[in-house]
Amino acid sequence: MLFSRKGNVVGLDIGSSSIKLLELAEMKGGYQVRNFGVAPLPPEAIVDGALMDSVTIVDSIRGLANALRIKTKDVVTSVSGHSVIVKKINIPTMTEDELEESIQWEAERYIPFDINDVNIDFQILGPTEGSEELMDMILVAAKKDIINDYLSVIIEAGFNPVIVDIDAFALENMFEANYPVARDEVVALANIGASVTNINILRRGISSFTRDIFTGGNAITEEIQRQLNVDFDEAENLKLGNRMDETSQKVVQEVLKSALNSLATEITKSLDFFRSTSSQEKVDKLVLSGGCAKINAIENVIGQQANIPVEIANPFKEIDCSKRDLDVDYLTEMEPIMAVSVGLALRRAGDK
Ligand SMILES: Nc1ncnc2c1ncn2[C@@H]1O[C@H](COP(=O)(O)OP(=O)(O)OP(=O)(O)O)[C@@H](O)[C@H]1O
Ligand SMILES: [Mg+2]
């Protein structure tokens, strides 16, 4: 790797409701949180994964970085949603170099976009079970114009983008760093954000299935807006339990209850689909992250309805958070929200 430099990177998760920034320092035997912060974005800044208001996003990144006195320039970020395709496929066994040569051609069959409009990446997983001639691989394609928008925003904010990852893979990276892989265990990760829910099902620690579902906290906020006839900000506040009279409290509770039910239904659909396409009878547990993982008792409601053990991810489980000036209470409060940024901050320039 010619340009690989060992050194810290900043994990920058540009979510549609907020920007998360995290820097981890590599220490003997692990990582330490050096710096982190979250800055809100207005709901119209990012819509359906597209950066609609770059100026606001750049200002927000710059403001957060300045407030945190971030010195590190290399940034790892990620994308997800409509402009990203992740597919597990099997193809005739070949070497990495051979695949590099033929990937454009192979990819064409699986990608619904013009091949010239996407950046392609892949990862070979290993031989296909029960076949001598085939191997499994993950094919990733992301629309160039979206990637370019993300890169421009990061450069404009004064940083140097070194890796553009996929949310679902960052999630996997976070999980791998914090939770031991039990043999034969199947774990479903679900990152429930504001506008999108990223699902990644790991089998023996390897990604077997990913899907983005286009639902999340915004749907809940919008329903509160409708029912109480208030604007987005007020509905968001009510959802978070701030400023509540008894009537609104009741409405919010009802909306949350039915939202959790539909989330559970969506997640169950993905789990069922995975089971039916992978000859796997069961998924051992579901690990939740993202802002919606903070909804009161979400693990019980989804666990009961989807009939699966559920836990909330702690992305700092194996990461040292003892640095002196770190606001540990705030970090603890933000745990599930920082899941993707932890996965990103663990990457290093030159990583595949
Ligand atoms: N305590 C809480 N109770 C209920 N919802 C919460 C809570 N905290 C955060 N949320 C919701 O979580 C969502 C934000 O989560 P997150 O930061 O993971 O999303 P994002 O990364 O900005 O968005 P996306 O990835 O979907 O573009 C918002 O809808 C927010 O209202
Ligand atoms: Mg997100």
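Because the structure is predicted, anything quoted here is derived from the model rather than measured.

Caption draft 1: Examining the environment of Asn261 more closely. Take Asn261: it is sitting in helix H7 (residues 246-278). Given 13 C-beta atoms within 10 Å, Asn261 falls into the partly exposed group. With 41 residues separating them in the primary sequence, Asn261 and Ile302 have C-alpha atoms 7.1 Å apart.

Caption draft 2: Structural context of the sheet that holds strand E3 (residues 30-40). Spatial ordering of the open sheet is given by E3-E2-E1-E6-E10, a layout of five strands whose pairing is mixed. At either end of the open sheet lies a strand with only one pairing partner, and these are E3 and strand E10 (160-166). The average undirected angle you get between the axes of adjacent strands in this sheet is 25°. In terms of strand pairing, strand E6 (residues 74-79) meets E10 through six bridges, oriented parallel. The residue of E10 that forms the bridge with Val75 is Pro161. Contacting E6 and E10, helix H4 (residues 167-178) runs over the sheet at an angle of about 90° to E10.

Caption draft 3: Highlighting unusual backbone geometry. In this structure, Ala297 is a non-glycine residue whose phi angle is positive, near 60°. Locating Ala297 in the fold gives a position in the loop between strand E14 (285-289) and helix H8 (298-306). The backbone phi angle of Asn307 is positive, close to 55°, even though this residue is not glycine. The residue Asn307 is located in the loop between H8 and strand E15 (310-312) in this model. Classification of Asn307 by C-beta neighbours within 10 Å gives exposed; the count is 11.

Caption draft 4: How the structure looks around H7. The terminal C-alpha atoms of H7, which comprises 33 residues, lie 48 Å apart, in line with the 48 Å expected from a rise of 1.5 Å per residue. Residues of H7 that are buried include every one of Val252, Val255, Leu256, Ala259, Leu260, Leu263, Ala264, Ile267, Ser270, Leu271 and Phe274, and no others. Of the residues one or two after H7, Ser279 is the one with positive phi, at around 50°.

Caption draft 5: Local environment of the site of ligand 1. Gly15, Ser16, Gly193, Gly217 and Gly291 are the nearest of the 20 residues found near ligand 1. The set of elements that each furnish at least two residues to the shell around ligand 1 consists of helix H5 (217-228) and helix H6 (232-239). Counted by class, the shell around ligand 1 contains six nonpolar, 11 polar and three charged residues. Both domain 1 (1-83 + 143-179 + 317-352) and domain 2 (180-313) contribute no fewer than three residues apiece to the shell around ligand 1.

Caption draft 6: Structural detail: the sheet that holds strand E13 (residues 206-213). Pairing is mixed in the open sheet, where five strands are placed in the order E13-E12-E11-E14-E15. What marks the edges here is a single partner per strand, and that holds for E13 and E15. Mean inter-strand twist for the sheet, computed between neighbouring axes without regard to direction, equals 20°. With three bridges connecting them, E14 and E15 associate as parallel partners. Bridge assignment links Leu288 to a residue of E15, and that residue is Ile312. On top of the sheet, H4 reaches strand E11 (186-192), strand E12 (197-203), E13 and E14; it is set at about 50° to E12, its chief contact. In the packing of H7 onto the sheet, the strands contacted are E11, E12, E13 and E14, and the crossing angle to E13 comes to about 140°.

Caption draft 7: Expanded view of the domain arrangement of the protein. As assigned here, the protein comprises domain 1 (1-83 + 143-179 + 317-352) and domain 2 (180-313). Computed over C-alpha atoms only, the centres of domain 1 and domain 2 are separated by 22 Å. Of the residues lining the interface, 17 residues belong to domain 1; the matching set on domain 2 comes to 25 residues. Of all the elements in the fold, those that place two or more residues in the side of domain 1 that touches domain 2 are H4 and helix H10 (339-345). It is H4 that contributes the most residues to the side of domain 1 that touches domain 2, six residues altogether.

About the thresholds
Residues numbered from 1 in each chain as written. Chains lettered and ligands numbered in written order. Predicted model: local features only at pLDDT ≥ 70, side-chain atom pairs only at ≥ 80, totals over all residues. Helix = DSSP H or I, 4+ residues; strand = E, 2+ residues; numbered from the N terminus. Buried ≥ 20, exposed ≤ 12 C-beta atoms within 10 Å, placed from the backbone. Pairing = 2+ DSSP bridges. Axes fitted to C-alpha atoms, helices over the stretch in contact; angles between N-to-C directions. Contact = placed C-beta atoms within 7 Å. Expected span 1.5 Å × (residues − 1). Near = placed C-beta within 6 Å. Nonpolar A, V, L, I, M, F, W, Y, C, P; charged D, E, K, R; others polar. Domains from an automatic or database assignment.

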